[in-house]
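Structural characterization, general
If you want the building blocks of each chain, they are given just below.
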Amino acid sequence: MSQNPGPSSDATSEVLHTLGTAVPSTVPTRWYNLNADFPEPMPPALNPATDEPVTADDLAPLFAEELIAQEVSTQRYIDIPQAIREVYALWRPSPLVRARRLERELGTKAKIYYKYEGVSPTGSHKPNTAVAQAFYNKAQGISKLTTETGAGQWGASLAFACALFDMVAEVWQVRASYDAKPYRRYQMEVYGSSCHPSPSDLTASGRELLDRMPDTTGSLGMAISEAVEVAAGDPSAHYALGSVLNHVMIHQSVIGEELLEQLAAAGEEQADIVFACAGGGSNLAGITFPLIGQNLREGTTTRFMACEPEAAPSITKGEYRYDFGDVAGLTPKLMMYTLGTDFVPPAIHAGGLRYHGMSPMVSHAVHLGLMGATAIDQDTSFRAGVLFARSEGIIPAPESTHAIAGALDYVTTSARPDEVVVIGVSGNGVLDLPAYEGRV
């Protein structure tokens, strides 16, 4: 697998050329791929027309060649191109913080740490893959990326990444979040991209959905259909996905790779248990997969808990089976925990977790017993988020409050003295403050 795909033009080469800036050695040099260490291989994605495993040719109209190669790779480590590391260095490594004030508030002798991804330019973990996807698409001569977004963190992150590589993003945002969170749209527009509410009248799939459900609050599955439709019809465009797919999980592994180094620097032999929020699976995979790999290779005993919303409980209430990733059936069939493509969740404030299915890699890990899951209601999550803010000073994203709530319940009911508990705080809630209204 090539580390730096050849640029398609002089202009592309100029944009992708490294700046020559010093990158700290603490910025990861490689991504980790759990597919190399799974005790059983993952079920393949299927072509919906044939029910045969998808091929590179099937995916080529939507994705860059290097991303397709990563999607099916079983290589344990993949080198991160220097141009991507230079961007990562704007905020990576993200901090691992001992939550001593929270420990004091809870009266616990357990040791609580949180890995904070809210320090990125867009305030969440999403740029970890957005930058990589924009880079590889630009290297192939693509000038536009289409995508969907729930709460808006992914759309804003892809717009940020596209701006850095002289591209544009066209984003379809779930209508419930589009209406409730206008600042995310403004953020995308500042970066030079556009954002539409989904379903929209700009696509055939959107118009069909509006005809059937004119008052729908939308879903990620609907928004995916619109973004895929536009990308498939434009030779200068590709589609980018902020979660679910294997290459996204691989890019997010920088979180867990850093965590392993940071825990060792803090004098901890291992994390005893890790809590992370779960929607499509990218944040969850990012912080847990390198540690799961360590368990499988070295015999460590870290446990993992996916904290999903009670309103969209794909792991705890869904079926493990093949299903489409979108409503219109334009995507390959994926083996995953799913509530069904026709599932439209309530318009909860944690818009980034409103997805009907779970990443196939995460689903496989759960199916093999490598990870547990719990569903947490919105009110409990926000109470935990407020307590965290008043103890640690950080207002967490609504999605992150689910991980915090799961950890707080564990610490106050089950944790042993000196047990190492790690919380993935996937983003900050500064642009999501309306979600906290009436909860303080």
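Here the structure is a predicted model, which is why all the values come from computation and not from measurement.

The next point concerns the overall build of the protein chain. For the protein chain, the count of helices and strands is 18 helices and 14 strands. For 440 residues, the compact-globule estimate of 2.2 N^0.38 gives 22 Å, and the protein chain sits close to it at 20 Å. C-alpha atoms of the protein chain, sized along the principal axes, occupy 60 × 50 × 40 Å. For the protein chain, the computed accessible surface area is about 16200 Å², with 50% contributed by carbon and sulfur atoms. Computed over 30 positive and 50 negative side-chain charges, the separation of the two mean positions in the protein chain equals 8 Å.

Turning next to the domain arrangement of the protein chain. Domain annotation for the protein chain reports domain 1 (94-122 + 246-434) and domain 2 (125-237). Once you take the C-alpha centre of each, domain 1 and domain 2 turn out to be 24 Å apart. On the side of domain 2, 34 residues touch domain 1, which itself brings 33 residues to the contact. Counting the surface lost from both domain 1 and domain 2, the interface buries some 2600 Å², and carbon and sulfur atoms represent 58% of this. For the pair domain 1 and domain 2, the number of links is two salt bridges. Here domain 1 and domain 2 share 13 residue pairs in polar contact (both at pLDDT 80 or more) between them. Where the side of domain 1 that touches domain 2 is concerned, the elements lending two or more residues are helix H12 (246-252), helix H13 (254-265) and helix H14 (282-298).

What follows covers the environment of Ile80. Here Ile80 is to be found in the loop between strand S2 (77-79) and helix H4 (82-88). Owing to a relative accessible area of 3%, Ile80 belongs among the buried residues under this scheme. Ile80 sits 73 residues away from Gln153 along the chain, and the two C-alpha atoms are 23 Å apart.

Take the sheet that holds strand S8 (residues 237-239) next. Two pairing modes exist for strands in a sheet, parallel and antiparallel, and in both the strands are linked by backbone hydrogen bonds. Read across the sheet, four strands follow the order S7-S6-S5-S8 without closing on themselves; strand pairing throughout is parallel. Each having just a single partner strand, strand S7 (194-198) and S8 make up the two edges of the open sheet. Geometrically, the sheet is characterised by an average inter-axis angle of 25° between neighbouring strands, direction not taken into account. Direction of pairing for strand S5 (residues 144-149) relative to S8: parallel, over a ladder of three bridges. By the bridge assignment for S8, Lys144 is matched with Ala237. Contacts from helix H9 (residues 182-190) reach S5, strand S6 (168-174) and S7, with the element oriented near 170° to S6.

What sets the pattern is the α-helix's 3.6 residues per turn: residues three or four places apart point alike. The end-to-end C-alpha distance of helix H18 (residues 400-413), which contains 14 residues, comes to 20 Å, matching closely the 20 Å that a straight helix rising 1.5 Å per residue would cover. Of all the 14 residues making up H18, 11 are buried; the element is thus mostly covered by neighbouring parts of the structure. Among the residues of H18, Ser400, Thr401, His402, Ala403, Ile404, Ala405, Gly406, Ala407, Leu408, Tyr410 and Val411 are the ones counted as buried.

Here we take up the environment of Ala328. By the secondary structure assignment, Ala328 is in the loop between strand S11 (319-324) and strand S12 (333-338). It is 9.9 Å that separates the C-alpha atoms of Ala328 and Ala223, two residues lying 105 residues apart in sequence. Apart from residues lying up to four places away in sequence, Ala328 is in contact with Ser205 and Ser225.

This part covers the sheet that holds strand S4 (residues 111-116). Judged by pairing direction, the sheet is mixed, and its six strands sit side by side in the order S3-S4-S14-S9-S10-S13 without closing on themselves. Each of the sheet's edge strands pairs with one partner strand only, and the pair in question is strand S3 (96-98) and strand S13 (372-376). Across the sheet, the mean angle from the axis of one strand to that of its neighbour is 25°, orientation sign disregarded. Here S4 runs beside strand S14 (residues 420-425); their pairing, made up of six bridges, is parallel. Bridged to Tyr113 within S14 is Val422. Sitting on the sheet, H14 touches S4, strand S9 (273-277), strand S10 (303-309) and S14, and the angle it makes with S9 is about 155°.

Thresholds, definitions, all that
Residues numbered from 1 in each chain as written. Predicted model: local features only at pLDDT ≥ 70, side-chain atom pairs only at ≥ 80, totals over all residues. Heavy atoms only, no water. Helix = DSSP H or I, 4+ residues; strand = E, 2+ residues; numbered from the N terminus. Rg over C-alpha atoms; globule rule 2.2 N^0.38 Å. Areas by Shrake-Rupley, 256 points an atom, 1.4 Å probe, with all protein chains shown as cover. Lys, Arg positive; Asp, Glu negative; His and termini not counted. Charge placed at Lys NZ, Arg CZ, Asp CG, Glu CD. Domains from an automatic or database assignment. Contact = heavy atoms within 4.5 Å. Buried area = accessible area lost by both parts, 1.4 Å probe. Salt bridge = Lys/Arg side-chain N within 4 Å of Asp/Glu carboxyl O. Polar contact = N/O pair within 3.5 Å; in protein donor to acceptor, adjacent residues only side chain to side chain. Buried < 20%, exposed > 50% of the residue type's maximum accessible area, 1.4 Å probe, protein only. Pairing = 2+ DSSP bridges. Axes fitted to C-alpha atoms, helices over the stretch in contact; angles between N-to-C directions. Expected span 1.5 Å × (residues − 1).

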